[in-house]
Amino acid sequence: MGKIKFGILATGNIANSMAKAVQNLEEIVCCAAASRTYEKAKDFADKWGFQKAYGSYEELVNDPEVDLIYVASPHSHHYEHAKLCLEHGKHVLLEKAFTVNVSQAEELIALSEEKGLLLAEAFWPRYMPTRKMLDDLIAQGTIGEVQAVMADFGAPLSHVERLWNPKLAGGALLDLGVYPINFALQIFQGQVKNIRSDAVMSPQGVDHMNGITLTFDDNKIAVLHSNMLACMGNRGVVYGDKGFIELYEINNPKEIRVFNENKEMTACYPAPKQINGYEYEALACVRAIEAGRIECEEMPHSETLRLMKILDTVREQWGFKLPCE
């Protein structure tokens, strides 16, 4: 098939990152962008070289030229907007967190199966070359047998109104906490047999910091933390019986550091050059569509559901229910 004609639904900050990544990719045509107003869509389209601009999402999904739509709206609207795209025959790259709960995720996945359309979660670390680099180091026994994982992700984000709004599915967990959890799930392939968690809730009614401990069925453990008030290292560490591996900026690692049992750094592997990291997930979608698949092998539906079930369990432990549920 020819180039994939790419559309973007919602034109906020993260949509700009995606547009920057895809604007010069040979495999993709920047076809259409849609926002809640035509003026916003037109400004976005002009900035990034999209051929068409729409002032409603309905116009975008009804455009017969658009093949694949990147859904970049707030978490609270992921289910609604992904469903709209699928019902109109569009492949979907859906920003994380995939939905606000597992039942919404299961319904969307069932719809993608029914329609034979790609539905992929835009969890960008899953698609990056550093993911395979890390997997290979572990498989080679570089740090021996892996025993535990520790990861954190956070920043002082009091100025980001969306994150503090329960109606937009705000909170640290769905926006930041998914990164440490995803990091642990990349390392440990088994099922989670026990989850312990706690959160500090904001006056607005969302979690502004949390701690989560996952115990897997092979008795490996992950200790995870996310925070919207503190400047954190955004670090992931994989601990083995012969050393450990460190990644900084687990959302988009710049290098992978290997340490031996004496805590001496023995190797440092830089990440390959990139546009901004978002290109990898877009290109994975192109490959999947061309192969006739409804999921990307880098982030299959089973992994999306494994992550969503953890998020649901954690919020249930906190008594944290969102207005959009």
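None of these values were measured; they are calculated from a predicted model. (Residues numbered from 1 in each chain as written. Predicted model: local features only at pLDDT ≥ 70, side-chain atom pairs only at ≥ 80, totals over all residues. Heavy atoms only, no water.)

1. Focus on helix H9 (residues 301-318)
Alright, step 1. With 18 residues, H9 extends 26 Å from end C-alpha to end C-alpha; this agrees with the ideal 26 Å at 1.5 Å per step.
Alright, step 2. When you tally the buried positions in H9, you get 13 out of 18 residues, the bulk of the element.
Alright, step 3. Of the residues one or two after H9, glycine 319 is the one with positive phi, at around 70°. (Helix = DSSP H or I, 4+ residues; strand = E, 2+ residues; numbered from the N terminus. Expected span 1.5 Å × (residues − 1). Buried < 20%, exposed > 50% of the residue type's maximum accessible area, 1.4 Å probe, protein only.)

2. Overview of the packing of helix H7 (residues 172-187) against H9
Alright, step 1. H9 packs onto H7 with a crossing angle of 125° between their chain directions and a minimal axis gap of 11 Å. In terms of orientation, H7 lies oblique with respect to H9. For the crossing formed where H7 meets H9, the hand is right-handed. The segment H7 lies against H9, with Leu173, Leu174, Val178, Ile181 and Leu185 engaging Glu303, Arg306, Leu307, Ile310, Leu311, Val314, Arg315 and Trp318. (Axes fitted to C-alpha atoms, helices over the stretch in contact; angles between N-to-C directions. Parallel < 35°, antiparallel > 145°, perpendicular 65-115°, else oblique. Left-handed = near helix turned anticlockwise from the far one by under 90°. Contact = heavy atoms within 4.5 Å.)

3. Describing the sheet that holds strand E9 (residues 207-216)
Alright, step 1. Here eight strands make up an open sheet; going across it, the order is E8-E9-E10-E7-E11-E12-E13-E14 and the pairing mixed. Taken across any chain shown, the strands that pair with only one partner, and hence form the sheet edges, are strand E8 (192-201) and strand E14 (265-270). Between one strand and the next, the sheet's axes are offset by a mean angle of 10°, whatever the strand orientation.
Alright, step 2. Inspection of the sheet shows strand E7 (residues 146-154) paired to strand E11 (residues 235-240) by five bridges, in the antiparallel sense. Among the inter-strand pairings, alanine 148 is bridged to a residue of E11, identified as tyrosine 239. (Pairing = 2+ DSSP bridges.)

4. Remarks on the environment of arginine 257
Alright, step 1. As for its position among the elements, arginine 257 is in strand E13 (residues 255-260).
Alright, step 2. Along the backbone, arginine 257 and alanine 267 are 10 residues apart, and their C-alpha atoms lie at a distance of 5.9 Å.
Alright, step 3. When neighbours within four sequence positions are excluded, arginine 257 is seen to be in contact with Phe244, Ile245, Glu246, Tyr248, Met265, Ala267 and Cys268.

5. Let's talk about the environment of leucine 174
Alright, step 1. Within the element layout of this structure, leucine 174 appears in helix H7.
Alright, step 2. Remark: the alpha-carbon pair of leucine 174 and histidine 91, spanning 83 residues in sequence, is separated by 23 Å.
Alright, step 3. Not counting the four nearest positions on each side in its chain, leucine 174 is found in contact with His75, Ala97, Val100, Ala169, Leu311 and Leu322.

6. A few points about the sheet that holds strand E2 (residues 28-34)
Alright, step 1. One open sheet accounts for six strands, arranged E3-E2-E1-E4-E5-E6; its pairing is parallel. The strands lining the two open edges of the sheet, one partner per strand, are strand E3 (52-54) and strand E6 (119-122). Neighbour-to-neighbour, the strand axes of this sheet turn through a mean angle of 25°, independent of strand direction.
Alright, step 2. Relative to E3, E2 runs parallel, the two sharing three bridges. Among the inter-strand pairings, alanine 34 is bridged to a residue of E3, identified as tyrosine 54.
Alright, step 3. Running over the sheet, helix H8 (residues 279-290) touches strand E1 (4-9), E2, strand E4 (68-71), strand E5 (91-95) and E6 and is turned about 155° from E5.

7. Here's the deal with the pairing of strand E10 (residues 221-227)
Alright, step 1. Bridge analysis of E7 against E10 gives seven bridges, and the strand direction is parallel. The residue of E10 that forms the bridge with methionine 150 is valine 223.
Alright, step 2. As judged from the seven bridges shared by E9 and E10, these two strands associate in the antiparallel manner. Residue pairing in the sheet places glycine 211 in a bridge with histidine 225 of E10.
Alright, step 3. Between E9 and the antiparallel strand that follows it, E10, lie four residues; asparagine 219 among them carries a positive phi value of about 65°.

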